[in-house]
Amino acid sequence: MGSREADCFMKNLPLKASNILPYLETKWLGRAYYYLPEVGSTNNVLKEMAASGKRDEPATGTIVLTDYQSRGRGRLNRRWEAPPATSLLFSILFRPPWPADRLNWLLMAASVAVVETVQRQTGLETGIKWPNDIVIQVDGVWRKTAGLLLEGDFEENGRCRTAVLGLGLNVNIPPDQLPTGSTPATSLLAAYGQKIPRVSLFVDLLQRLESLVETAEQGQAPQGLWQTYLTTIGRPVQVTNQSSGQVIQGTAVATNEWGQLVVRDENEQTHTILAGDVTLRSKPFDNSSECR
Ligand code: ADP
């Protein structure tokens, strides 16, 4: 990279293809790249592209990225809010010929890639809050800085046809524009004190993610590495199943290869918790402090 190019790379440039593709060193991830200045939800756009495309189109690794989502989604149709041009908001299409339980490997690989990229670029203490949040420790509090959303579409035999992984990462959201819900939030700007060039962050993230997905495709679960970054293990949790209303109180003691959480309750019984239909609480007996 020449010095003029390096300078461009470091500036906070718009994330259109001409600013990304010259720096991308991946083989297949992001090679098909669509930048939309504004969109409802990048996951929805990519799911529609997959539903209307010919067989095997769009290709695995296709990315849709936007600078503003008017209807960004988290789990359980919760809103994902971010001011324009402050974040990384994108979705990736995968076509892994995997059964449903293995699909979570993509979520784990992407979580690891985000944690390691943020740590490498900022040195901030970064972790994963089970099942799908990336958190940064600021003044002793883990604050949410990114959320991931994985949506799969399956064949009749249970194999995955397509999987869309969405990511919202708070990069340069000013502290006074962070969402003020019940979940403490932060951005890299708020936690690090300096703006981070989104292009270099994005390109680094894709490079790391491609390598992690390739390892998973060779049959190796990302769980070992993923679990080292989990902030939830050893903590008291209360897990509420949204559909049945069942509540389990106990301690998060482990995860399994599929990314499910093992919780030991007060009677020493263990429960294996599936992500997707539960929310976690940080304290077992305090219903007011939901910990997202
Ligand atoms: P959960 O932590 O329960 O998995 P989701 O991943 O579904 O939550 O994300 C949606 C939730 O994240 C919202 O209900 C809101 O509390 C919070 N949120 C929305 N936008 C942001 C943001 N930019 N940064 C941090 N948290 C956010």
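Shown above is the structure to which this text applies.
Residues numbered from 1 in each chain as written. Predicted model: local features only at pLDDT ≥ 70, side-chain atom pairs only at ≥ 80, totals over all residues. Heavy atoms only, no water.

Colleague: Mind showing me how you'd approach the sheet that holds strand S9 (residues 247–255) here?
Modeller: Sheet strands pair via backbone hydrogen bonds, and the direction of the pair is either parallel or antiparallel. In spatial order, the strands read S11-S10-S9-S8-S12; together these 5 strands make up an open sheet with antiparallel pairing. Each edge of the sheet is formed by a strand with only one pairing partner; in this case those strands are strand S11 (270–273) and strand S12 (278–281). Neighbour-to-neighbour, the strand axes of this sheet turn through a mean angle of 45°, independent of strand direction. When strand S8 (residues 236–241) meets S9, the two strands line up antiparallel, connected through 5 bridges. When the bridges of S9 are listed, valine 239 appears paired with isoleucine 248. (Pairing = 2+ DSSP bridges. Helix = DSSP H or I, 4+ residues; strand = E, 2+ residues; numbered from the N terminus. Axes fitted to C-alpha atoms, helices over the stretch in contact; angles between N-to-C directions.)

Colleague: Could you clarify how one ought to interpret the layout of surface pockets in this entry?
Modeller: As a volume, the largest pocket reaches approximately 590 Å³. Around the largest pocket, the lining is made up of 37 residues, and of these Gly74, Arg78, Arg79, Trp80 and Lys144 lie nearest the centre. Secondary-structure elements contributing two or more residues to the lining of the largest pocket are helix H3 (42–52), strand S3 (87–94), strand S6 (141–154), strand S7 (160–170) and S12. For the lining of the largest pocket, the residue count by class is 12 nonpolar, 15 polar and 10 charged. (1 Å grid on protein atoms, 1.4 Å probe; cavity = no way out; pocket = protein on both sides within 12 Å on 5 of 7 lines; lining within 4 Å. Points joined across faces, edges and corners; volume = space filled by probe spheres on them. Nonpolar A, V, L, I, M, F, W, Y, C, P; charged D, E, K, R; others polar.)

Colleague: I'm lost on the site of the ligand in this one. Help?
Modeller: The immediate surroundings of the ligand are formed by 14 residues, with Arg75, Arg78, Glu81, Asp133 and Asn170 found nearest. Arginine 75 has a polar backbone atom sitting 2.5 Å from an oxygen atom of the ligand. The contact in question runs from a nitrogen atom of the ligand to an N or O atom on the backbone of glutamate 81, over 2.7 Å. If the ligand stood free it would expose 570 Å²; the protein chains cover 92% of that surface. With respect to the detected pockets, the ligand is housed in the largest pocket. Of the residues belonging to the shell around the ligand, the class tally is 3 nonpolar, 4 polar and 7 charged. (Near = heavy atom within 4 Å. Polar contact = N/O pair within 3.5 Å; in protein donor to acceptor, adjacent residues only side chain to side chain. Areas by Shrake-Rupley, 256 points an atom, 1.4 Å probe, with all protein chains shown as cover. Sits in = over half its atoms within 2 Å of the grid points.)

Colleague: Could you clarify how one ought to interpret helix H4 (residues 104–122) in this entry?
Modeller: Three- or four-residue spacings in an α-helix give side chains the same orientation, since the helix completes a turn every 3.6 residues. For H4, spanning 19 residues, the distance from its first C-alpha to its last is 27 Å, which sits close to the expected 27 Å at 1.5 Å a residue. Looking one or two places after H4, you find glycine 123, whose phi comes out positive at around 75°. (Expected span 1.5 Å × (residues − 1).)

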